[in-house]
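A look at the structure
Here is how the chains run, residue by residue.
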Amino acid sequence: MIIAAAQFTARPCDVGANAARMAAFVTEAGERGAALVVFAELAVTGYELDAIVAGGDRLLLDPDDPRLAPVRDACRTAGVAAVVNAPGRAAAGGPTISSFVYGPDGALLTRYDKVHVTDTERAAGFVPGTGEGRFTLDGVGFGHVICYDAHFPECAARAAEDGCGVLLASSLYGRGGGARERMEIFPALAKDNGLHVLLANHYGPSGPYDACGLSAVWAPDGGVLAEGPDAGEGLVTAELSLS
């Protein structure tokens, strides 16, 4: 199985433009033989916490939101699944940071809401999720983390216990300290839990951060299978050896 991480610079709060860019990545992923493509944290809007909350319902999306139709259509046409991270709505109210997983037929496979929101996100009004959001594609089990979730090793451990072979991380790591954290955390999650781990990171400005790119895929021994650049947009693909 080939999986892909897409890194690009999201246009602040421009759902239409970002969805079109993501649809193009889905198409490219299909052309490159990938079964799945994963996008960074809040790739649909950029990491624009205050603007998202100030926008009320305007910038909160449900999985069937018409503005995400280009992505769902691209999944259907290319036969590629996609993990699309966007501001969502909690059932009990309040915004969430959510991954909507669309299958190769464009239908929703699952949804995962970030469990470990940061203090900054909580102060802005975002609420944590409670579920695991597992899904299976081509017989392979997948688990999720969204950025800060990866700093809690029990998230990856639970994915391994649940029989997942791959952990998917939609994230935002900036240059400097963020880039160093990325190199410490994700290889360890892979090696400690016997998982393939994919990181989809932003590239360039997103909210208050200058994201470092460097999207990557690690093997279960912690070795790097593929890594993107720290400058520029594009897809990072890796072929997984899965028994």
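Here's what I pulled together on the structure shown here. (Residues numbered from 1 in each chain as written. Predicted model: local features only at pLDDT ≥ 70, side-chain atom pairs only at ≥ 80, totals over all residues. Heavy atoms only, no water.)

Some details on the pattern of salt bridges
Side chains carrying opposite charge are able to pair once their charged atoms draw close together. The final tally for this structure, using the stated rule, is 15 salt bridges. Between R11 and D14 there is a salt bridge; the shortest N-O distance is 3.4 Å. Among the residues examined, D14 registers a relative accessible area of 24% and is labelled partly exposed. In this structure, the salt-bridge partner of D73 is R76, at a minimum N-O distance of 2.8 Å. Residue D73 and its partner R76 are located together in helix α3 (residues 69–78), separated by three residues, close to a single helical turn. One network of salt bridges, with partners in common, ties together E132, R134, R158 and D162. (Salt bridge = Lys/Arg side-chain N within 4 Å of Asp/Glu carboxyl O. Buried < 20%, exposed > 50% of the residue type's maximum accessible area, 1.4 Å probe, protein only. Helix = DSSP H or I, 4+ residues; strand = E, 2+ residues; numbered from the N terminus.)

Here we look at the packing of aromatic side chains
Within this structure, the stated rule accounts for eight aromatic pairs. Measuring from centroid to centroid gives 6.4 Å for F8 and F39, while their planes differ by 85°, and the two rings are edge-to-face. Here F8 is found in the loop between β1 (2–7) and α1 (15–31), whereas its partner F39 is found in the loop between β2 (36–38) and α2 (49–54), with 31 residues between them in sequence. Taken as a pair, F8 and F39 share a single burial class, namely buried. (Phe/Tyr/Trp six-rings, centres within 6.5 Å; stacked < 30°, edge-to-face > 60°.)

Comments concerning the side chain of E41
Structurally, E41 can be placed in the loop between β2 and α2. Under the relative-accessibility criterion, E41 is labelled buried at 1%. In terms of polar contacts, E41 uses its side chain to reach the side chain of K114, at 2.7 Å. Excluding residues within four positions of it along the chain, E41 makes contact with Y47, N85, I97, K114, E121, I146, C147, S170, S171, L172 and H202. (Polar contact = N/O pair within 3.5 Å; in protein donor to acceptor, adjacent residues only side chain to side chain. Contact = heavy atoms within 4.5 Å.)

Section: the sheet that holds β1
If you trace the six strands from one edge of the open sheet to the other, you get β5-β4-β3-β2-β1-β14, paired in mixed fashion. With one partner strand each, in any of the chains shown, β5 (108–113) and β14 (234–239) form the two edges of the open sheet. Across the sheet, the axes of successive neighbouring strands diverge by a mean angle of 25°, strand direction being ignored. Each of β1, β2, β3 (81–89) and β14 is contacted by α1, which is oriented at about 35° to β14, the strand it contacts most. (Pairing = 2+ DSSP bridges. Axes fitted to C-alpha atoms, helices over the stretch in contact; angles between N-to-C directions.)

Brief notes about the layout of surface pockets
The computed volume of the largest pocket comes to approximately 290 Å³. T118, C147, L172, E181 and Y209 are the residues nearest the centre of the largest pocket, which is lined by 15 residues in total. Listing elements by their share of the lining of the largest pocket, those giving two or more residues are α4 (119–124) and α6 (177–193). Looking at the lining of the largest pocket residue by residue, the class counts come to six nonpolar, five polar and four charged. (1 Å grid on protein atoms, 1.4 Å probe; cavity = no way out; pocket = protein on both sides within 12 Å on 5 of 7 lines; lining within 4 Å. Points joined across faces, edges and corners; volume = space filled by probe spheres on them. Nonpolar A, V, L, I, M, F, W, Y, C, P; charged D, E, K, R; others polar.)

Side note on the environment of H151
As for its placement among the helices and strands, H151 is situated in the loop between β7 (140–146) and α5 (153–161). Taking the C-alpha atoms as reference points, H151 and F186, separated by 35 residues in sequence, lie 9.1 Å from one another. Setting aside its immediate chain neighbours within four residues, H151 contacts Y173, E181 and I185.

Structural notes on the side chain of E121
Mapped onto the fold, E121 is located in helix α4. When its relative accessible area of 1% is taken as the criterion, E121 is described as buried. Dropping the residues within four chain positions of it, E121 is found in contact with E41, Y47, L49, I97, K114 and F126.

Any functional reading would require information beyond the geometric quantities listed.
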